[in-house]
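Summary of structural features
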Amino acid sequence: MTLMLKKFVICLLAVVLLQGIIFTDTASAHRMYIVQQEPGQFFVFYDGREAATMAVVTLYDEDDNILLQESVNSEGIMKYNPRRVKAVKAVADDGMGHRATYNYEVGNVAEVPIMYKLGFGLALLVFVAAFFNYRNQQKNKSNV
């Protein structure tokens, strides 16, 4: 490849990348959660504690039979009578691909904070970069 062709390919890739960055709509991924606030009451929400107003909560027994299926209200809350319905699992689904499960035996499980996940991801990237840098230095020493 000639030098002129290489420069053209690099410029073309830079323009395509720049267009991808500038003209791409931003989307924020969010997760849905279901929390039992008190016996007979669930709160369904997304990250940031925004109520999942389109969610439907389904209660199951130990054989995975549906006991009750109820939509949440405008505040993301679903209420039922816990004396009448003996459920072991509650599943919230908003119909848009978000799904959250509450297990009565386990309860609300604390999730790993986002800062720990971010730190682990960055540490992993630094480790990979250091490994390849070390390998490249060893390769250059053997060539000299």
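Residues numbered from 1 in each chain as written. Predicted model: local features only at pLDDT ≥ 70, side-chain atom pairs only at ≥ 80, totals over all residues. Heavy atoms only, no water.

This part covers the overall build of the protein. Helix and strand counts for the protein stand at two helices and seven strands. Its helices and strands in sequence order give the protein the pattern α-β-β-β-β-β-β-β-α, from N to C terminus. When each of the 144 residues of the protein is scored for burial, the buried share is 22%. Counting contacts in the protein only where the partners sit at least 6 residues apart, residues at least 24 apart contribute 45% of the total. A total accessible area of about 11,300 Å² is found for the protein, and carbon and sulfur atoms account for 61% of it. (Helix = DSSP H or I, 4+ residues; strand = E, 2+ residues; numbered from the N terminus. Buried < 20%, exposed > 50% of the residue type's maximum accessible area, 1.4 Å probe, protein only. Contact = heavy atoms within 4.5 Å. Areas by Shrake-Rupley, 256 points an atom, 1.4 Å probe, with all protein chains shown as cover.)

If you trace the backbone, D94 turns up in the loop between β6 (89-93) and β7 (99-103). There is no salt bridge for the buried D94, and the closest opposite charge comes from R99, which lies 9.0 Å off by N-O distance. A polar contact is formed between the side chain of D94 and the backbone nitrogen of M96, at a distance of 2.9 Å. A polar side-chain atom of D94 sits 2.8 Å from a polar atom in the side chain of H98. Contact partners of D94, with chain neighbours within four places excluded, come to M32, Y46, M54 and A55. (Lys, Arg positive; Asp, Glu negative; His and termini not counted. Salt bridge = Lys/Arg side-chain N within 4 Å of Asp/Glu carboxyl O. Polar contact = N/O pair within 3.5 Å; in protein donor to acceptor, adjacent residues only side chain to side chain.)

On the surface, a cluster of nonpolar side chains totalling about 640 Å² of accessible area is made up of F120, L124, F127, V128, F131 and F132. By the secondary structure assignment, F127 is in helix α2 (residues 114-143). (Patch = residues over 30% accessible without salt bridge, like charges linked within 9 Å, V, L, I, M, F, W, Y side chains within 5 Å.)

Counted residue by residue, strand β2 (residues 41-46) has six buried out of six residues, so it is predominantly covered. By the alternation rule, side chains of β2 split into Q41, F43 and F45 and F42, V44 and Y46, which are all buried. By the bridge criterion, six bridges tie strand β1 (residues 32-38) to β2 in an arrangement that is antiparallel. Within β2, the position partnered with Y33 by the bridge is F45. (Pairing = 2+ DSSP bridges.)

Let us look at the environment of D61. Among the secondary structure elements, D61 is positioned in the loop between β3 (56-60) and β4 (66-71). With relative accessibility at 13%, the residue D61 sits in the buried group. Through-space distance from the C-alpha of D61 to that of V85 is 8.9 Å; in sequence the pair is 24 residues apart. Setting aside chain neighbours within four positions, we find D61 in contact with L67 and V88. Within the local environment of D61, its side chain forms a polar contact with the backbone nitrogen of D63, the two atoms lying 3.0 Å apart.

Any two side chains of opposite charge can pair, on the condition that their charged atoms come close. Tallied over the full model, the rule gives two salt bridges. Across the salt bridge formed by K89 and D64, the nearest N and O atoms sit 3.3 Å from each other. Placement of K89 in strand β6 and of D64 in the loop between β3 and β4 is noted, with a sequence separation of 25 residues between them. The exposure class assigned to K89 is partly exposed, which follows from its relative accessible area of 25%. Across the pair D93 and R99 runs a salt bridge whose closest N-O atoms are separated by 3.4 Å.

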